[in-house]
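Listed below are the residues making up each chain.
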Amino acid sequence: MVRMTGSQILLECLQREGVSTIFGYPGGVVLPLYDTLPQFPAIQHVLVRHEQGAAHMADGYARASGEVGVCLATSGPGATNLVTGIATSFLDSTPMVAITGNVARTLLGKDGFQEADITGITQPITKHNYLVMRAENIPMAVREAFHIAKTGRPGPVHIDIPKDVFQEEAEFEWPEEINLRGYRPTTKGHSGMIRRAAEAINEAERPIIISGHGIIWGDASDELVELSEKASIPVITTFLGIGGFPETHGLSYGFLGMHGMYHANMAADEADVVIGIGMRFDDRAMGRFNDFNPDATIVHIDIDPAEIGKNLPTAIPVVGHVKRVLPELTERLERRDRSEWLGWIDRVEEEHPSLEIRETRRLIPQEIVRTLYEETNGGATLVTGVGQHQMWAGQHYFYDSPRKLVSSGGLGTMGFELPAAIGAQMGVPESEVWAICGDAGFQMTMQELAVCVDERLPVKIAIMNNGYLGMVRQWQELFYDENFVSVAVTQPDFCKLAEAYGIRALRVESKGDVLPAIQEARNYDGPILIDFHVDQDENVWPMVPAGAALSETIEMPEKELVR
Amino acid sequence: MSSSNGTGPAQHTVVAIVEDKPGVLQRVAGLFRRRGFNIESLAVGPTEFEGLSRMTIIVDGASAPVEQVEKQLYKLIDVVKVNDLTHEDAITRELALLKVRCNNVNRHELLDVANVFRADVVDMATNSLTLQVVGDGDKINGLIQMCEPYGIRELSRTGSIAMTRGAKTTTVHESEPEAIARVHQSQGRRVEADLPFSSD
């Protein structure tokens, strides 16, 4: 056995866990760790400009690559700055390990300089957290943290280490096995339940699959395609489930929810058997719970038993890993002709098209997203912020494979886009990453532009600049009598701002300039920002008003049709 | 789901076997607060296995479907086992200490009351008696009611603890202690007074 310092032990453990990139920011109590970093050249440290950015980068890295993202911050304010990013990861179940330093053990609990009870703070927003009080306990904490973060329903795990534990020496021993007796995710589905699910589906006239983020994290896209093709079951996804089922597939009917496709919402409401797979029947997806398709038999397949029956009464629960459960279910499904049902949805889609881009005089964001789709052949990775532009990026780009849309769905964190895009680009260096930004959200984390320059990342930054907190403005227009309060955002000249960082910038104000700007950005090997000045009044449709049922989906009002 | 229709019993008795580690109580309490489950009482103590604690939690049934309580508890990494004893044939016990006002005239009468409830006199002064009573909640409530006319100077009550009747147990499986001990050693999780490995 080798004697090492706590810092060396931590970095050795991270290396053994396969960590190649850490997004972090130094500070007092983590200085011993930073002092040790050069001894581990295989681990690249990315210096962020705000710790929130570190957490979002780790998250974006994880979502794009499928690997655990790692972020690092100092005690007190450094640690609390991670909180929004950890909560974002928690609500969307992405694997992340967040590491913080804390004050020395003798000062813990004494309100010393830069002390925060960060494990107390992160406890409800992590899957698990650790305060490691001895250097010798670091290996087990790291081993467990990575195991917990990436298995079962993934999630963020936080490790807090006091300063003197980094400096303490201990014998390094890599734990070959872990045995968490309180953590044994169920992966194999109950065969009796799978049989019952199969029976219900086989008897169904109008079954529908709602697939979620779990398909992506469970790496079960192929299994889902096989299932739906065998039994001719139409598939709609949740917002985070986008890409889990190829959107250009004949059985794909888009995504459902507050701004989902009209026909997807109607199909979910009309189905006789609703099969939720790797999703959690969230309120934004399902509308008013009490009035969600009361006649449907709900089959729910998920790895987290606590999600079963949480929001909607479930007739047939299957707890297990989608990659194991779906093939078993498929095997028991009968091939059936469901052309009548599929025809019904097709007719609704024809009569109520949600994705038509209408002719307008002014530049609208939908058109930009669609042009980007056509120009990239659907091959790019889009990383969005939160709000109108997020919904348009979900609606008007078509994702044929997982991990191509990276977005904060659960927590709805504005400012996620730029740092998460940086993380995504670093996680999958060869991918074409577009940060689709709102002009308001961009201003929350825009300091991370510096990281694009530092790391020479070819991230394309597209700001859908309407001068408003667009989604808030939309709600004030529709539900608060057009009483617009604190939604018009003054802003810097984004092009000058980008140029100040040494980033190339383009401004697009007319429709004709959209395609050339996108082409120029794609041909440019480096970070580039496009400031798209778009129509200020454009709203996102269709829409299920908050508290309404999916059956009450509203389409674009006539008065908005021409602009 | 029978437990989610809101017609379940008023109170649920949930027993959780948890890792004996700092922060576990906060995790459990935090979970209940966040999910809006009301805790009527909570009692924690050691189990027959070193390193494991037993929590008996009485949950207000109206505040939450007990199935959700159980499942959310299971999501905590430090929670090893959860049992709902609400519908089991179970023994539940609380302990209470009551300091009751009395004098030379009514002391005997009060002692008679205590006898009926099989309460022990654990302390006595010229103008008070301290009674210790063990039983389920109803019995303790009964004694309190009977003592009220004398004047209760002080009352201290533990939370309920519970155990199933008969040979059936709600603890971790009997074949597990060795495995548990082995895991403990390998994880270096001896709980020590200073600097324990902690996970809160």
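Residues numbered from 1 in each chain as written. Chains lettered and ligands numbered in written order. Predicted model: local features only at pLDDT ≥ 70, side-chain atom pairs only at ≥ 80, totals over all residues. Heavy atoms only, no water.

Student: Could you clarify how one ought to interpret the overall build of chain B in this entry?
Tutor: When helices and strands are counted, chain B shows five helices and nine strands. Counting all 200 residues of chain B, 47% fall into the buried class. Carbon and sulfur atoms form 49% of the exposed surface of chain B, whose accessible area is close to 10500 Å². (Helix = DSSP H or I, 4+ residues; strand = E, 2+ residues; numbered from the N terminus. Buried < 20%, exposed > 50% of the residue type's maximum accessible area, 1.4 Å probe, protein only. Areas by Shrake-Rupley, 256 points an atom, 1.4 Å probe, with all protein chains shown as cover.)

Student: How should I be thinking about the sheet that holds strand β20 (residues 528-533) of chain A in this particular structure?
Tutor: The pairing of strands in a sheet comes from backbone hydrogen bonds and takes either a parallel or an antiparallel form. Residues and elements named next belong to chain A. With parallel pairing, the six strands of this open sheet are ordered in space as β16-β15-β17-β18-β20-β19. Looking at the sheet topology across the chains shown, the edges are occupied by β16 (405-406) and β19 (504-508). In terms of strand pairing, strand β18 (residues 460-465) meets β20 through six bridges, oriented parallel. Among the inter-strand pairings, K460 is bridged to a residue of β20, identified as I528. Helix α17 (residues 417-427) rests against β15 (381-384), β16, β17 (433-438) and β18 of the sheet, and its axis sits at about 175° to β17. (Pairing = 2+ DSSP bridges. Contact = heavy atoms within 4.5 Å. Axes fitted to C-alpha atoms, helices over the stretch in contact; angles between N-to-C directions.)

Student: Is there a simple way to explain the domain arrangement of chain A in this structure?
Tutor: Interfaces are often described in size by the accessible area the parts lose on coming together. Residues and elements named next belong to chain A. Taken domain by domain, chain A consists of domain 1 (2-172), domain 2 (191-351) and domain 3 (365-540). Each of domain 2 and domain 3 has a C-alpha centre, and these two points are 30 Å apart. Taken residue by residue, the interface counts 17 residues in domain 2 and 20 residues in domain 3. Contact between domain 2 and domain 3 buries roughly 1500 Å² in total, counting both sides, with carbon and sulfur atoms accounting for 63%. Looking at the side of domain 2 facing domain 3, the largest losses of area belong to F239, E247 and H259, adding up to 39% of the total buried there. Linking domain 2 with domain 3 are five residue pairs in polar contact (both at pLDDT 80 or more). (Domains from an automatic or database assignment. Buried area = accessible area lost by both parts, 1.4 Å probe. Polar contact = N/O pair within 3.5 Å; in protein donor to acceptor, adjacent residues only side chain to side chain.)

Student: What is the right way to look at the nonpolar core in this model?
Tutor: All names here are of chain A. Core analysis: the largest hydrophobic core is formed by 88 residues, its most contacted members being I301, L382 and W434. With five residues, the top contributor of residues to this core is helix α8 (residues 191-203). Among the domains, domain 2 (191-351) and domain 3 (365-540) are the pair contributing at least three residues each to this core. Judged by nonpolar contacts, the second largest core, of 46 residues, contains V48, A64, M96 and L497. (Core = buried A, V, L, I, M, F, W, Y, C linked by side-chain atoms within 4.5 Å.)

Student: Quick question: what am I supposed to make of the domain arrangement of chain B here?
Tutor: When its domains are assigned, chain B resolves into domain 1 (2-87) and domain 2 (91-157). Relative placement of domain 1 of chain B and domain 2 of chain B: their C-alpha centres are 30 Å apart.

Student: Can you walk me through the environment of S7(A) in this structure?
Tutor: All names here are of chain A. With respect to the helices and strands, the residue S7 is situated in helix α1 (residues 6-16). Of the residues examined, S7 reaches a relative accessible area of 1% and is grouped as buried. Along the backbone, S7 and T36 are 29 residues apart, and their C-alpha atoms lie at a distance of 6.4 Å. Other than its neighbours up to four places away in sequence, S7 contacts P32, L33, T36 and F166.

Student: Whenever I open this one, the environment of R507(A) confuses me. Can you help?
Tutor: All names here are of chain A. With respect to the helices, strands and loops of the structure, R507 is situated in strand β19. Sequence separation of R507 and F494 is 13 residues, and the distance between their C-alpha atoms is 8.7 Å. In contact with R507, other than residues within four places in its own chain, are D493, C495, D531 and H533. Of the polar contacts made by the side chain of R507, one reaches the side chain of D493; its length is 2.6 Å.

Student: Explain the confidence of the model for chain B here, please?
Tutor: Reading fine detail from the predicted coordinates is not recommended where pLDDT is low. All names here are of chain B. Residues with a pLDDT of 70 or more make up 82% of chain B, whose mean pLDDT is 84. Segment residues 1-6: pLDDT under 50, and seven contacts once partners within four positions in sequence are set aside and those in other chains are kept. Counting contacts from residues 181-200, a segment whose pLDDT is below 50, to residues more than four positions away or on other chains yields 48 contacts. (pLDDT = per-residue confidence, 0-100.)

Student: What is the right way to read the packing of helix α10 (residues 221-231) of chain A against helix α13 (residues 322-332) of chain A from this model?
Tutor: The geometry of a pair of packed helices is captured by two quantities: the angle between their axes and the separation between those axes. Residue and element names in this part refer to chain A. Interhelical geometry of α10 versus α13 gives an angle of 20° and a closest axis separation of 9 Å. By the criterion of interaxial angle, the relationship of α10 to α13 is roughly parallel. Viewed along their axes, α10 and α13 form a crossing whose handedness is left-handed. From α10, E223, L224, E226, L227 and K230 reach across to α13, where they touch K323, L326, P327, L329, T330 and E331. A per-class count over the contact of α10 with α13 returns five nonpolar, one polar and five charged. (Parallel < 35°, antiparallel > 145°, perpendicular 65-115°, else oblique. Left-handed = near helix turned anticlockwise from the far one by under 90°. Nonpolar A, V, L, I, M, F, W, Y, C, P; charged D, E, K, R; others polar.)

Student: Is there a simple way to think about the packing of helix α3 (residues 51-65) of chain A against helix α4 (residues 77-91) of chain A in this case?
Tutor: Residue and element names in this part refer to chain A. Across the interface, α3 lies against α4 with an axial gap of 6 Å and an inter-helix angle of 30°. Taken as axis vectors, α3 and α4 run roughly parallel relative to one another. Both α3 and α4 take part in a crossing whose hand is right-handed. Taken together, the residues of α4 that come into contact with α3 (itself represented by E51, Q52, A54, A55, H56, D59 and R63) are G78, N81, L82, T84, G85, I86, T88 and S89. When its residues are assigned to classes, the contact of α3 with α4 shows four nonpolar, eight polar and three charged.

Student: Hey, could you run me through the packing of aromatic side chains in this one?
Tutor: Each aromatic ring pair is characterised by the separation of its centres together with the angle its planes make. All names here are of chain A. Taken as a whole and assessed by the stated rule, the structure comprises nine aromatic pairs over all chains. Between F23 and Y61 the ring centres are 5.9 Å apart and the planes differ by 70°, which places this aromatic pair in the edge-to-face class. Separated by 38 residues along the polypeptide, F23 in strand β2 (residues 21-24) and Y61 in helix α3 bring together distant segments of the chain. The burial state of F23 is the same as that of Y61; both residues are buried. On the basis of an interplanar angle of 75° and a centroid distance of 5.6 Å, the ring pair of F239 and F255 is categorised as edge-to-face. Taken as a pair, F239 in the loop between β10 (235-237) and β11 (252-255) and F255 in strand β11 lie far apart in primary sequence, 16 residues in all. (Phe/Tyr/Trp six-rings, centres within 6.5 Å; stacked < 30°, edge-to-face > 60°.)

Student: Even after reading the chapter, I still don't get the sheet that holds strand β2 (residues 39-46) of chain B, so can you show me in this structure?
Tutor: All names here are of chain B. Taken in spatial order, the four strands make up an open sheet running β2-β3-β1-β4, and their pairing is antiparallel. Each end of this open sheet is capped by a strand with a single partner; those strands are β2 and β4 (79-84). Across the sheet, the mean angle separating the axes of adjacent strands is 15° when strand polarity is ignored. Pairing analysis gives seven bridges linking β2 to strand β3 (residues 52-60), with the strands arranged antiparallel. For P46, the partnering residue across the bridge sits in β3 and is S53. Across the sheet, helix α1 (residues 24-35) lies against β1 (11-19), β2 and β3, angled at about 20° from β3, the strand it touches most.

Student: Sorry if this is basic, but what is going on with the pairing of β1(B) here?
Tutor: Within a regular beta strand, the side chains point alternately toward one face of the sheet and then the other, so they alternate between its two faces. Residues and elements named next belong to chain B. Judged by how many residues are buried, β1 sits mostly within the fold: eight of nine residues are covered. Strand direction decides the pairing type here: β1 and β4, joined by five bridges, are antiparallel. Looking at the pairing, A16 lines up with V82 of β4.

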